[in-house]
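# Descriptive structure summary
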Amino acid sequence: MPRSLFWLTALFIATLALGTDEFVIAGVLNTVAADLDVTAGEAGQLVTGFALAFALGAPVLAVWLDRYPRRLVLAGGLAVFVLANLGCAISPDLTTLFTLRIVAGLAAAAVSTTAFAAAAEGAPEGKQGTYLSVVTAGLTVALFTGVPVGTLLAEALSWRSTFVLIAIVAAVAAVITLATMPHLPGAAPVTLGERLAPLRNAGVLRMVAAIFLCGAGGLMFYTYLGPITAYTLGTDAALPVLLLIVGLVGVASALLGGHLTDKHGPRLARLAILGGHALALALMAVLVVAHAPVWAFGAGVAIWSTFAWALNPPMQASTIAASPETPMIAVSLNISGLYLGAAAAGALGGLTLERLDAGAIPVVGAIVLVVAWIVAAPAVGPSRHDEGPGPLISQGSRGLRGGGDGGI
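Think of each chain on its own: its residues are numbered from 1, step by step along the sequence as written. Reporting of local features is limited, given that this is a predicted model, to residues whose pLDDT is at least 70; pairs of side-chain atoms are given and counted only at 80 or more, and all residues count toward the totals for whole chains, interfaces and linings. Excluded from the side-chain calculations are hydrogens and water; all other atoms, namely the structure's heavy atoms, are used.

## A short note on the overall build of the chain
Just so we agree on the cut-off: Put simply, DSSP marks the helices as runs of H or I at least four residues long and the strands as runs of E at least two long, and each gets a number from the N terminus on. Per-residue accessibility, obtained with a 1.4 Å probe over protein chains only, is compared with the maximum for each type, and a residue is labelled buried under 20%, exposed over 50%, and partly exposed between these values. Between two residues, a contact is recorded if the distance between any of their heavy atoms is within 4.5 Å. Only the protein chains shown count as cover for residues, and all accessible areas are computed by the Shrake-Rupley method using a 1.4 Å probe.
Counting its regular elements, the chain contains 18 helices and zero strands. Looking at the 408 residues of the chain, the share that counts as buried comes to 56%. Long-range contacts, defined here as pairs at least 24 residues apart, represent 84% of the contacts in the chain between residues at least 6 apart. Accessible surface, the chain as shown: approximately 15100 Å² in total, 73% of it carbon and sulfur.

## Structural notes on the nonpolar core
The test is simple: Nine residue types can take part in a nonpolar core, namely buried Ala, Val, Leu, Ile, Met, Phe, Trp, Tyr and Cys, and a core is a set of them joined through side-chain atoms within 4.5 Å.
In terms of nonpolar packing, the biggest core is built from 66 residues, with Leu11, Phe81 and Trp159 touching the most fellow members. Considering each element in turn, this core owes the most residues, 15 residues, to helix H5 (residues 94–122). Among residues more than four places away in sequence, those in contact with Trp159 are Val28, Thr31, Val32, Asp35, Leu36, Cys88, Leu97 and Ala154. Among the nonpolar cores identified, the runner-up in size contains 49 residues, and Val204, Ala280, Trp309 and Val380 belong to it.

## Focus on helix H16 (residues 361–376)
Going by this rule: To estimate how far a helix should extend, the number of its residues minus one is multiplied by 1.5 Å. The directions considered for the arc run from the helix axis to the C-beta atoms.
In a regular helix each residue adds 1.5 Å, so 16 residues correspond to 22 Å; H16 covers 22 Å between its end C-alpha atoms and thus fits that length. When H16 is considered as a whole, its buried residues turn out to be Ile361, Pro362, Gly365, Ala366, Val368, Leu369, Ala372 and Ala376. The buried residues of H16 occupy one face: seen down the axis, they fall within an arc of 165°. In H16, the exposed positions that point more than 90 degrees away from the buried face belong to Ile367 and Ile374. Lining the buried residues of H16 we find helix H9 (202–223), helix H10 (225–233), helix H12 (266–289) and helix H15 (327–355).

## Considerations on unusual backbone geometry
Even without a glycine there, the phi angle at Asp37 is positive, about 60°. Judged by relative accessible area, which is 71%, Asp37 ranks as exposed. Phi angles above zero are rare outside glycine, and His291 is one such case at about 50°. Here His291 shows up in the loop between H12 and helix H13 (294–308).

## What about the packing of aromatic side chains?
The condition is simple: Between 30 and 60 degrees the pair is tilted, below 30 it is stacked and above 60 it is edge-to-face, where a pair is any two Phe, Tyr or Trp rings, Trp via its six-membered ring, whose centres lie within 6.5 Å.
Taken as a whole, this structure holds six aromatic pairs when the rule is applied. Counting every residue linked through ring pairs, the aromatic cluster contains Phe221, Tyr222, Trp304 and Trp309.

## Observations regarding a nonpolar patch on the surface
Put simply, the test is: Nonpolar side chains (Val, Leu, Ile, Met, Phe, Trp, Tyr) within 5 Å and like charges within 9 Å form the patches, drawn only from residues with over 30% relative accessible area and no salt bridge. By definition, a salt bridge exists where a carboxyl oxygen of Asp or Glu is found within 4 Å of a side-chain nitrogen of Lys or Arg.
Together, Leu83, Leu86, Val164, Ile168 and Val172 give the surface a local cluster of nonpolar side chains, amounting to about 410 Å² of exposed area. Counting only elements with at least two residues in the nonpolar patch, the list comes to helix H4 (70–89) and helix H7 (159–180). Relative to the helices and strands, Leu83 is located in helix H4.

## Things to note about the side chain of Thr136
For clarity, the threshold we go by: Any pair of nitrogen or oxygen atoms within 3.5 Å is treated as a polar contact; in protein, a donor-acceptor pairing is required on top of that, and neighbouring residues in sequence qualify only through side-chain atoms on both sides.
Of note, Thr136 is situated in helix H6 (residues 128–156). Reaching out from Thr136, the side chain makes a polar contact with the side chain of Asn312 at a distance of 3.2 Å. Residues in contact with Thr136, not counting those within four places in the same chain, are Phe116, Ala254, Asn312 and Pro313.

## So, the confidence of the model for the chain
Operational definition: pLDDT gives the predictor's per-residue confidence on a scale running from 0 to 100.
Per-residue confidence for the chain gives a mean pLDDT of 84, with 89% of residues at or over 70. For the chain, per-element mean pLDDT is lowest for helix H18 (residues 395–401), which scores 40, and highest for H4, which scores 96. Every residue in residues 395–408 is under pLDDT 50, and counting partners more than four places away or in other chains gives 47 contacts.

Okay, here's the thing in structure tokens:
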């Protein structure tokens, strides 16, 4: 088996653990609240702490860690993540648990950012999109494997055992990473000003703005899928099946997004997927207003999921194309934009639900996605990186970092 499959699998397992840790609180919220004698609202802040630490920590940690070898950063970040989750498993109170969730969020930010950068840097030439899509798929798979398994484990044993499971999965990823990842030494020594160059890069900032809008528009529909389902069908009984459809379709669509990026280049891929995403939300708006039958509504959700989860690979590739010399920092800004967009999705969706109704949510989401398409339309960075298939990382950077299946 090619060595790259081992370390790419490790990145997939790592992001699977990160995604499970991020989303599993929703499944164990009431159990945690009851065990720690707090309200569900107070326990819900565990999600907020993790998400904010992730979003705000990603760019700061990327600037600090960009100079170090990717394998070292990944293994170190996963080690901290493992210890934080083991600490969560034995936390005596909410304050301790909340603090450790912040630590886990910071470690997850370092691991996620480095995983995307390493996937692009270590991929064979012309396969960066595919490698990025595998990393993305780990987050998607967590929605219908890690989270349900963690929730069932919490019901069978306790919520604490869920965090032990997450720690074990992350530890496996760390071991495989140490054993199989090629030598990717990180960025060459530069001044702090040069390292912060992506913050002044118009192409990077436009991609961050676009992914923020994608998160706000697309994740608003996902976040409020329950109320939308009840509004359309008169009941939310079909919600578990719809969520399963989202997860299953999401894995295939993430890989599709990577394939399109490799075949047609980041720009064409992102514009096709963004446009399809906006049209899919417009279709959902029609189905919701028409109170479509469950089969048609489910088909619409599947179509929406195809475009929603295919978006991350070309957007990450586009951000790297805008700043090929500092991919890790550029990717960290992109991830922060996505998480801030997710936070905006909750606020904007809630406001839309209160002021209008659930049927208006896909309409607002479609409008936001159209704005995202306009922002993302211009080319970014050197045309050879963004306009067509080819290497995302400059040849000079590859020479410094190594790549492919090179030695340790």
